[in-house]
Amino acid sequence: MTSRIYYTDPYCRRFEASVTKTFVHDGRPAALLDRTAFYPTSGGQPFDTGRLFEAGDAGRPGEAGRVDGERRGPSGSAIDVLDTIDVDDDVVHVLSAAVIAGASVHGEIDWTRRFDHMQQHTGQHILSAAFDRLFENRTVSFHMGSDVSSIDLQREASWEHIARAEGEANRIISENREVAIRFVTSEHAAVLPLRKEPSREGTLRLIEVKDFDLSACGGTHVSRTGEIGSLVVTAAEKFKGGARVTFACGARAVRAYQSLRDAVSGSVRLLSVLPRELPSAIERMQAEAKELRRTLRRFQEALAAHEAARLIAASDVGSGAAVVIVGALDAWDANGLKAIATHIVAQANATVALFSTASPYPVVIARSPGMQLDATAVLGELVASFGGRGGGKADLAQGGGLVGNLSDIMRAARQLLERGPLPLS
Ligand SMILES: [Zn+2]
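In this report, the structure presented in the accompanying data block is examined.

How each quantity is defined
- Residues numbered from 1 in each chain as written.
- Predicted model: local features only at pLDDT ≥ 70, side-chain atom pairs only at ≥ 80, totals over all residues.
- Heavy atoms only, no water.
- Helix = DSSP H or I, 4+ residues; strand = E, 2+ residues; numbered from the N terminus.
- Rg over C-alpha atoms; globule rule 2.2 N^0.38 Å.
- Buried < 20%, exposed > 50% of the residue type's maximum accessible area, 1.4 Å probe, protein only.
- Contact = heavy atoms within 4.5 Å.
- Areas by Shrake-Rupley, 256 points an atom, 1.4 Å probe, with all protein chains shown as cover.
- Lys, Arg positive; Asp, Glu negative; His and termini not counted.
- Charge placed at Lys NZ, Arg CZ, Asp CG, Glu CD.
- Axes fitted to C-alpha atoms, helices over the stretch in contact; angles between N-to-C directions.
- Parallel < 35°, antiparallel > 145°, perpendicular 65-115°, else oblique.
- Left-handed = near helix turned anticlockwise from the far one by under 90°.
- Nonpolar A, V, L, I, M, F, W, Y, C, P; charged D, E, K, R; others polar.
- Donors = N, O, S within 2.8 Å, 3.2 Å for Na, K, Ca; no water.
- Tetrahedral: all angles 85-135°; square planar, octahedral: opposite > 155°, others 65-115°.
- Expected span 1.5 Å × (residues − 1).
- Salt bridge = Lys/Arg side-chain N within 4 Å of Asp/Glu carboxyl O.
- Pairing = 2+ DSSP bridges.

1. What to know about the overall build of the protein chain
So, point 1. Of regular secondary structure, the protein chain possesses 10 helices and 20 strands.
So, point 2. For a compact globule of 425 residues, the expected C-alpha radius of gyration is about 22 Å, and the protein chain comes in at 37 Å, more than 25% above that figure.
So, point 3. Overall size of the protein chain, expressed as C-alpha extent along the three principal axes, is 100 × 60 × 40 Å.
So, point 4. Expressed as a percentage of its 425 residues, the buried residues of the protein chain come to 43%.
So, point 5. Of the contacts made within the protein chain by residues no fewer than 6 positions apart, 63% connect residues no fewer than 24 positions apart.
So, point 6. On the protein chain, roughly 22100 Å² of surface is accessible, and the fraction owed to carbon and sulfur atoms is 52%.
So, point 7. In the protein chain, 48 side chains carry a positive charge and 52 a negative one; their mean positions are 3 Å apart.

2. Some points on the packing of helix H9 (residues 375-386) against helix H10 (residues 406-419)
So, point 1. Across the interface, H9 lies against H10 with an axial gap of 10 Å and an inter-helix angle of 150°. Classified by the angle their axes make, H9 and H10 are roughly antiparallel. Where H9 crosses over H10, the handedness of that crossing is right-handed. Where H9 approaches H10, its residues Val378, Glu381, Leu382 and Phe386 are matched on the opposing element by Asp408, Ile409, Ala412, Ala413, Leu416, Leu417 and Arg419.
So, point 2. The residue inventory of the contact of H9 with H10, partitioned by class, reads eight nonpolar, no polar and three charged.

3. Here's the deal with the packing of helix H6 (residues 251-271) against helix H7 (residues 278-314)
So, point 1. Closest axis-to-axis distance for the H6/H7 pair is 11 Å, and the angle between their directions is 50°. Taken together, the axes of H6 and H7 are oblique relative to one another. Both H6 and H7 take part in a crossing whose hand is left-handed. For the pair formed by H6 and H7, the contact residues are Val264, Ser267, Val268 and Leu271 on the first element and Leu278, Ala281, Ile282 and Met285 on the second.
So, point 2. Classifying every residue of the contact of H6 with H7 gives seven nonpolar, one polar and no charged.

4. Things to note about the coordination of the zinc ion
So, point 1. Those donors, His121 (NE2), His125 (NE2), Cys217 (SG) and His221 (NE2), are the protein atoms that reach the zinc ion, and they lie 2.0 to 2.2 Å from it.
So, point 2. One way to put it: the four donor atoms around the zinc ion meet at angles of 95 to 122°, and that makes the site tetrahedral.
So, point 3. The sequence pattern describing where the donors of the zinc ion fall on their chain is H-x3-H-x91-C-x3-H. Separated by 96 residues along the polypeptide, histidine 125 in helix H3 (residues 111-135) and histidine 221 in the loop between strand E13 (213-216) and strand E14 (231-239) bring together distant segments of the chain.
So, point 4. A residue is classified by how much of its surface remains accessible, and histidine 125, at 2% relative accessible area, is buried.

5. Quick notes on unusual backbone geometry
So, point 1. Between serine 359 and the following residue, proline 360, the backbone shows a cis peptide bond with an omega angle of -5°.
So, point 2. Looking at the secondary structure, you find proline 360 in the loop between strand E17 (350-356) and strand E18 (361-367).
So, point 3. The backbone of glutamate 136 shows a phi angle near 50°, a positive value even though the residue is not glycine.
So, point 4. On the secondary structure map, glutamate 136 appears in the loop between H3 and strand E9 (139-144).
So, point 5. Judged by its relative accessible area of 62%, glutamate 136 is exposed.
So, point 6. The residue lysine 240 is not glycine, and still its phi comes out positive at about 50°.

6. Focus on helix H4 (residues 159-174)
Side chains that are three or four residues apart share a direction in an α-helix, a result of its 3.6 residues per turn.
So, point 1. Counted at 1.5 Å a residue, the expected span for H4 with its 16 residues is 22 Å, and the 22 Å between its end C-alpha atoms agrees.
So, point 2. Tucked into the core, H4 has its buried residues touching H3, strand E12 (203-209) and E14.
So, point 3. Looking one or two places after H4, you find asparagine 176, whose phi comes out positive at around 50°.

7. With respect to the pattern of salt bridges
So, point 1. Tallying each qualifying case throughout the model produces 19 salt bridges.
So, point 2. The salt bridge partner of aspartate 213 is arginine 195, with a shortest N-O separation of 2.7 Å. Separated by 18 residues along the polypeptide, aspartate 213 in strand E13 and arginine 195 in the loop between helix H5 (186-190) and E12 bring together distant segments of the chain. There is no split in this pair, since aspartate 213 and arginine 195 are both buried.
So, point 3. A salt bridge links glutamate 418 to arginine 414; its shortest N-O distance comes to 3.4 Å. Placement of both glutamate 418 and arginine 414 in helix H10 is noted, with a separation of four residues, approximately one turn of the helix.
So, point 4. Judged by relative accessible area, which is 33%, arginine 414 ranks as partly exposed.
So, point 5. Linked by salt bridges that have partners in common, Glu168, Arg171, Glu175 and Arg177 make up one network.

8. Observations regarding the pairing of E18
So, point 1. The buried fraction of E18 is high, at seven of seven residues.
So, point 2. Every second residue of E18 is oriented toward a common face, with Tyr361, Val363, Ile365 and Arg367 on one face and Pro362, Val364 and Ala366 on the other, all of them buried.
So, point 3. The pairing of E17 with E18 spans five bridges and is antiparallel. Pairing of valine 352 across the sheet is with alanine 366, part of E18.
So, point 4. Connecting E17 to the next strand, E18, in antiparallel fashion are four residues.
So, point 5. Both E18 and strand E20 (residues 396-402) contribute to a ladder of five bridges, which runs antiparallel. Paired with alanine 366 across the two strands is leucine 396, which belongs to E20.

Don't take any of this as a statement about function, it's just geometry.
So this is what it looks like as structure tokens:
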């Protein structure tokens, strides 16, 4: 059973211990110590990382490295603690190199990482308590990520409620209240006003934010709320019938603000509006874009009819006679080609192959109702010769991705159309 220093002294970052057992965990060397300040992943809080030095090695890795250089690695440097895992009553330290059972070691935890976790975790207690006290909205789970953390609330939360809970949490933080650790029996805990029913029996570890929150927790917390700095809610969404509220404390809150500021200042510069005018400016632009798309469609439709008439006139056909029209058009996309082809086959007795002049070439093959031609077969032969793909029906087929000399492709298309069965009389 590992004695957990962080239970009573979460500020301990350096400690001496003995290696009680060594083994391999998931292919990496691992060790148990008689006591540790390393926090293993549990209760939503991620593990600590850091380093171990064997006795006599602390601060003087070079000297001991001469003796045990090979086992400890080429430079005789510290052994990294890569992961810390809670296994039953023990804390497993997963290491970058093996240590010897029975050895004395000096441990150092990565304090920047740990203190950040302490800030987020204490912030979570206070935010959860604020939702509980103000709105009787209970926290059902907590997750601490590498950028932001989140709590899942039992019920949905409006933005007005979220802002009020956030404000209340920051009031508790700025009052710099004491955060105490207490150990009580589960019988004693039963009569205390705990925010959440404890799930375990025996001795319970309680975290008390003075006159604000009391809850059973095995994690690491700051000793005064002021150390949290500040707490910001960065996002909220509906989740499993309740709400997921994402937040950040301390340096993370500042980073969250900085990235938001960068995004907003870039946007207001582009739109020449004030930050609070952004939503209405975007709404206005969306409405304008929609109107423009509608206008563009109208113009394209009118122009397609005009282009169709021009191509029919250019084909110099007597009224009623069948005609083959093969054309290459600038500045028309596949939809535009389709619109023009549809107009042609409606107005003349025709078979049509239209291309855009931009390679790889889109193509539309179409025929009038009175013509016998399988447009998909013509497209299939073009694709077989010039690549690309497409499909459609017997009277209209669309393709794209054709490559090669456009004149050659158009000549081949004309041959295929002219070879086709004669029009029905
Ligand atoms: Zn906690």
